[in-house]
Amino acid sequence: MLKKWLHEPLLHFMLIGAAIFVFYNLQTDDSVDDSNNIVISESDIDRLITLWERKWQRLPTEIELEGLIEAQIREEVLYREALAMGLDQNDTIVRRRLAQKVEFISADIASQAEPSATDLQSYLDTHADKFEVPARVSFQQVYLNADQRGVNVEQDASRLLNELAQPGSTIDVMEAGDSFMLGQQHEQLTRQGVSRLFGQQFAEKVFELPVGSWQGPVVSGYGLHLVYVDTKSEAKAVTLDEVRDKVRDEWLAQQRRKMDQVFYSELRKRYDIVVETVTK
């Protein structure tokens, strides 16, 4: 029954979470506790021991435990004195940290909403492009430097393309054209990978070229390129079983964002907001 409430409908659960927090806030005295009593409970000591053991892989000695307890007392004393002195007021770092802790409450509630297989499949269908196996291309390219060749660059490109396209051509691709810092051979690049090296316009054109023949010239920000596509694969959709963990992580992140939005919206309704006009 709880799992059903966690996602059917999820917004109801979000509102319940916000209502719980508001109720707790209303029941809590806003004034600072000025009690002089500091109690280090058994659960506090157990927590100190657990943290120590997790860090050092052993239990603390009696002297070490006394030091941990004293450090806890010191922290509590200084914390209360800081509140009494009003040091938490108008402190940007403290304000930001406290705001983050409130946001963690909504995140904790959202993390309890475990998605069903239907939820995950629906998310995958809606965001298929985020999870698909991307198209890839392997190609060779011969570079012609427009700055060096000037007005002859297109004529040179056409002549070289004809020579490369001849059956049994013996032109050494590594020596043809002009020197290029990125090299001549590029293997299994995605569209994004090609775009990162040569620019988006070049990438779009390369993925349109046929496999197995010299083509071009293709323009990039560097100049002109003659391109031979060795292999090319199309983008491939995936099944939920192949990417279940990734889809689940994305789905939970989306629920946390929704929860945060609703959570904050409900809390904001408690306040009358006035934004004064800035006079210049």
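The coordinates are above.
Values in this document were obtained by computation on a predicted structure and should not be read as measured data. (Residues numbered from 1 in each chain as written. Predicted model: local features only at pLDDT ≥ 70, side-chain atom pairs only at ≥ 80, totals over all residues. Heavy atoms only, no water.)

## Topic: the overall build of the chain
Counting secondary structure elements, the chain contains twelve helices and four strands. By the burial criterion, 28% of the 280 residues in the chain qualify as buried. In the chain, the proportion of contacts linking residues at least 24 apart, taken out of those at least 6 apart, comes to 68%. Of the roughly 19700 Å² of accessible surface on the chain, 51% is carried by carbon and sulfur atoms. (Helix = DSSP H or I, 4+ residues; strand = E, 2+ residues; numbered from the N terminus. Buried < 20%, exposed > 50% of the residue type's maximum accessible area, 1.4 Å probe, protein only. Contact = heavy atoms within 4.5 Å. Areas by Shrake-Rupley, 256 points an atom, 1.4 Å probe, with all protein chains shown as cover.)

## A closer look at the packing of helix α3 (residues 42-56) against helix α4 (residues 62-84)
In the contact formed by α3 and α4, the axes pass within 10 Å of each other and the chain directions differ by 115°. Like other packed secondary-structure pairs, α3 and α4 cross with a definite hand, here right-handed. Residue-level inspection shows I45, R47, L48, I49 and W52 of α3 in contact with α4, the latter providing E64, L65, L68, I69 and Q72. Per-class residue counts for the contact of α3 with α4 are seven nonpolar, one polar and two charged. (Axes fitted to C-alpha atoms, helices over the stretch in contact; angles between N-to-C directions. Left-handed = near helix turned anticlockwise from the far one by under 90°. Nonpolar A, V, L, I, M, F, W, Y, C, P; charged D, E, K, R; others polar.)

## Structural notes on the sheet that holds strand β3 (residues 214-219)
Adjacent strands of a sheet form backbone hydrogen bonds with each other and so pair up, either parallel or antiparallel. Here four strands make up an open sheet; going across it, the order is β2-β1-β4-β3 and the pairing antiparallel. If you trace the sheet from one side to the other, it starts and ends with β2 (185-190) and β3, each paired once. Strand-to-strand twist in this sheet, taken as the mean axis angle between neighbours without regard to direction, amounts to 40°. One ladder, built from nine bridges, connects strand β1 (residues 136-144) with strand β4 (residues 224-233); its direction is antiparallel. Considered in β4, the bridge of Q141 is made with V227. (Pairing = 2+ DSSP bridges.)

## Looking at the packing of aromatic side chains
Overall, the coordinates contain ten aromatic pairs when judged by the stated rule. The interplanar angle of 40° and the centroid separation of 4.8 Å between the aromatic rings of Y143 and F180 together place this pair among those described as tilted. Placement of the pair is Y143 in strand β1 and F180 in the loop between α9 (153-165) and β2, with a sequence separation of 37 residues. Exposure remark for F180: the relative accessible area of 11% places this residue in the buried category. Centre to centre, the rings of F198 and Y222 are 6.5 Å apart; their planes meet at 85°, and the pair counts as edge-to-face. Residue F198 is located in helix α10 (residues 191-198), and its partner Y222 is located in the loop between β3 and β4; the two are separated by 24 residues in the primary sequence. The exposure class assigned to F198 is buried, which follows from its relative accessible area of 4%. By relative accessible area, Y222 is classed as partly exposed at 30%. Chaining the aromatic ring pairs together yields one cluster made of F139, Y143, F180, F198, F202 and Y222. Taking the ring centre of F207 as reference, the NZ or CZ of R191 above it sits at 4.4 Å. (Phe/Tyr/Trp six-rings, centres within 6.5 Å; stacked < 30°, edge-to-face > 60°. Lys NZ or Arg CZ within 6 Å of the ring centre and 35° of its normal.)

## Thoughts on the pattern of salt bridges
In this structure the tally under the stated criterion is ten salt bridges. One salt bridge in this structure joins E204 and R191, with 3.4 Å as the shortest N-O distance. Here the residue E204 occupies a position in helix α11 (residues 200-206), and R191 occupies one in helix α10, the gap between them amounting to 13 residues. For E204, a relative accessible area of 35% gives the class partly exposed. (Salt bridge = Lys/Arg side-chain N within 4 Å of Asp/Glu carboxyl O.)

## So, the nonpolar core
With 16 residues, the main nonpolar core has V137, F139, V194, F202 and V227 as its most contacted residues. When residues of this core are traced back to their parent elements, those giving at least two are β1, α10, α11 and β4. In this structure, V137 is in contact with H186, E187, Q188, L189, V194, V206, F207, V229, T231 and K232, ignoring residues within four places of it in sequence. Counting residues in hydrophobic clusters, the runner-up holds twelve residues, among them L160, L161, V173 and L226. (Core = buried A, V, L, I, M, F, W, Y, C linked by side-chain atoms within 4.5 Å.)

## Focus on the pairing of β3
Sheet topology note: the β3/β4 ladder contains four bridges and is antiparallel. Within β4, the residue paired with Q215 across the bridge is V227. Taking the residues between adjacent antiparallel strands as the criterion, β3 and β4 are bridged by four residues, where G223 takes a positive phi near 155°.

## Quick look at α4
In a regular helix each residue adds 1.5 Å, so 23 residues correspond to 33 Å; α4 covers 33 Å between its end C-alpha atoms and thus fits that length. One or two positions beyond α4, positive phi appears at G86, with a value near 75°. (Expected span 1.5 Å × (residues − 1).)

## Concerning the side chain of Q254
Mapped onto the elements, Q254 comes out in helix α12 (residues 240-268). Among the polar contacts made by the side chain of Q254, one reaches the side chain of Q255 at a distance of 3.2 Å. Dropping the residues within four chain positions of it, Q254 is found in contact with Y123 and H127. (Polar contact = N/O pair within 3.5 Å; in protein donor to acceptor, adjacent residues only side chain to side chain.)

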